Amino acid sequence: MSVSFSEILSARRRIAGSVLRTPQRLSPALSRMAGTAVHIKCEHQQATGSFKLRGATNAVLALSQQERAAGITGASTGNHGRALAHAAKAAEARAVICMSRLVPKNKVRAIEMLGAEARIIGNSQDDAQKEVDRLVREEGMTMVPPFDMANVIAGQGTIGIEMLEDAPEIETLLVPLSGGGLIAGIAKAAKTLKPEIRIIGISMQRGAAMDESLKAGRPVAVEELPTLADSLGGGIGLENRFTFEMVRDLVDEVILLDETEIAAAVRTGYFEEAEILEGAAAVGIAAIATGKVSLAGPAGIVLSGRNIDLQLHRRIINGEDPDLMKERDNG
Ligand SMILES: *Cc1c(COP(=O)(O)O)cnc(C)c1O
């Protein structure tokens, strides 16, 4: 199944006024590295610190009165839960957010601060999802999933419209890729407006579920591993309905990054752009800095979130090796 451009246009009307139309600016430093103009879309500046506010807000605002009254639930690696909590509060609905133990504490606290219940379940997103399914089944709550829902994808797609409005000359879009809601929506919008545009997805090497699934030709499960790009962790769902097919049909290429490359890009974001980025949000910078993507003309990258533990951020900025940091955390 797929999401249409008109659903993205409806999302744009629905969420206008509830989410930021984020700024996009030319980056001289990245343009120098790439040898062509690079525009950065600042989605990390959304109120909850990530683009996920767009999809969650669109999905919640599209619910019926009855569905809202039953309460809203979802599983999340953090940013979706935070966005959903924010959107539910704005709609005066109760929210229960389920997440695995791998989710960083700062993200759990942020959800509780927004008035939602944070329920910690198991060691994987699949375990958290089972609790969500139970709440839907036994308590009649309404689920808003992090990526595999038409209104979520349509909400994220509004970013693609804005990027081409602000820089119609863009020829390539570099987009962080996990479950694929972000890139599916952006790709649908961008390829409708400009069919020849190239869409590149970027994931980490540690547990790239969509990449593995594309190679297998069907959704497959991968082992979830700790990564600096924690917002890119988790599976795409073996029963995937929208994003697998949309990514397969609309995304031209997928690039994978190691932990050292992601850490270096977080540093570049800080020292060259004065932006605090989480690992998942820095992958576009990394794709350019490592030369893993070659750009013939103007490009746009999505800075997708800023929700990183600030102690961890400081250690990355100070140049600590990400693999050594992991050993220390586990020991
Ligand atoms: C969720 C998320 C992504 C990936 O989005 P998908 O729709 O799952 O592909 C990228 N960056 C950040 C910061 C996120 O929170």
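Residues numbered from 1 in each chain as written. Predicted model: local features only at pLDDT ≥ 70, side-chain atom pairs only at ≥ 80, totals over all residues. Heavy atoms only, no water.

Along the backbone of the protein there are 15 helices and ten strands. Relative to a compact globule of 331 residues, whose C-alpha radius of gyration would be 20 Å, the protein shows 18 Å and is just as compact. A principal-axis box enclosing the C-alpha atoms of the protein has dimensions of 55 × 50 × 40 Å. Counting over 331 residues, the protein shows a buried share of 59%. Taking all contacts inside the protein whose residues are at least 6 apart in sequence as the whole, residues at least 24 apart take part in 73%. When the accessible area of the protein is evaluated, it comes to approximately 13,300 Å², of which 50% is carbon and sulfur surface. Taken as two groups, the 37 positive and 42 negative side-chain charges of the protein have centres that lie 3 Å from each other. (Helix = DSSP H or I, 4+ residues; strand = E, 2+ residues; numbered from the N terminus. Rg over C-alpha atoms; globule rule 2.2 N^0.38 Å. Buried < 20%, exposed > 50% of the residue type's maximum accessible area, 1.4 Å probe, protein only. Contact = heavy atoms within 4.5 Å. Areas by Shrake-Rupley, 256 points an atom, 1.4 Å probe, with all protein chains shown as cover. Lys, Arg positive; Asp, Glu negative; His and termini not counted. Charge placed at Lys NZ, Arg CZ, Asp CG, Glu CD.)

Around the ligand, the structure places 16 residues, and the nearest of them are Lys 52, Asn 79, Gly 180, Leu 182 and Ser 304. Within the backbone of Ser 178, an N or O atom sits 2.9 Å from an oxygen atom of the ligand. Contact distances for the ligand include 2.9 Å between an oxygen atom and a backbone N or O atom of Gly 181. In isolation the ligand exposes 380 Å². Once the protein is present, 98% of that is buried. Of all the cavities here, the one that holds the ligand is the largest pocket. Across the shell around the ligand, the residue classes tally to six nonpolar, eight polar and two charged. (Near = heavy atom within 4 Å. Polar contact = N/O pair within 3.5 Å; in protein donor to acceptor, adjacent residues only side chain to side chain. 1 Å grid on protein atoms, 1.4 Å probe; cavity = no way out; pocket = protein on both sides within 12 Å on 5 of 7 lines; lining within 4 Å. Sits in = over half its atoms within 2 Å of the grid points. Nonpolar A, V, L, I, M, F, W, Y, C, P; charged D, E, K, R; others polar.)

Let's shift gears to the packing of aromatic side chains. Aromatic ring pairs: the centre-centre distance and the angle between the two ring planes describe each pair. Under the criterion given, the structure shown has one aromatic pair. Centre to centre, the rings of Tyr 270 and Phe 271 are 5.1 Å apart; their planes meet at 80 degrees, and the pair counts as edge-to-face. (Phe/Tyr/Trp six-rings, centres within 6.5 Å; stacked < 30°, edge-to-face > 60°.)

In this section: the pattern of salt bridges. Tallying each qualifying case throughout the model produces 21 salt bridges. The salt bridge partner of Arg 25 is Glu 275, with a shortest N-O separation of 3.0 Å. Placement of the pair is Arg 25 in strand β1 (residues 24–26) and Glu 275 in the loop between α12 (259–273) and α13 (283–289), with a sequence separation of 250 residues. Relative accessible area serves as the criterion here: at 11%, Glu 275 is assigned to the buried category. Note that Glu 131 and Arg 119 form a salt bridge whose closest N and O atoms lie 2.8 Å from each other. Placement of Glu 131 in helix α7 (residues 125–139) and of Arg 119 in strand β5 (residues 117–120) is noted, with a sequence separation of twelve residues between them. (Salt bridge = Lys/Arg side-chain N within 4 Å of Asp/Glu carboxyl O.)

The next thing to look at is the sheet that holds strand β2 (residues 38–42). Pairing in this open sheet of six strands is mixed, and the strands run β1-β2-β10-β7-β8-β9 from one edge to the other. The open sheet has two edge strands, β1 and β9 (253–257), and neither has a second partner. Pairwise comparison of adjacent strand axes, ignoring direction, gives a mean angle of 25 degrees for this sheet. With five bridges joining them, strand β8 (residues 198–204) and β9 adopt parallel strand pairing. Residue pairing across strands places Ile 202 opposite Ile 255, the latter belonging to β9. In the packing of α12 onto the sheet, the strands contacted are β1, β2, β8 and β9, and the crossing angle to β9 comes to about 90 degrees. (Pairing = 2+ DSSP bridges. Axes fitted to C-alpha atoms, helices over the stretch in contact; angles between N-to-C directions.)

Turning our attention to the domain arrangement of the protein. Splitting the protein by domain gives domain 1 (5–51 + 149–330) and domain 2 (52–143). Placing the centre of domain 1 and that of domain 2 at their C-alpha centroids yields a distance of 22 Å. On the domain 2 side, the residues contacting the 33 residues of domain 1 number 21 residues. On the domain 1 side of the contact with domain 2, Thr 48, Glu 224 and Asn 307 bury the most area, a combined 25% of that side's loss. The interface formed by domain 1 and domain 2 contains two salt bridges. Where domain 1 meets domain 2, there are 16 residue pairs in polar contact (both at pLDDT 80 or more). At the level of elements, α1 (5–15) and α8 (150–166) are the ones that each hand at least two residues to the side of domain 1 that touches domain 2. By residue number, the principal contributor to the side of domain 1 that touches domain 2 is α8, which donates eight residues. Split into classes, the residues belonging to the side of domain 1 that touches domain 2 amount to eleven nonpolar, 13 polar and nine charged. (Domains from an automatic or database assignment. Buried area = accessible area lost by both parts, 1.4 Å probe.)

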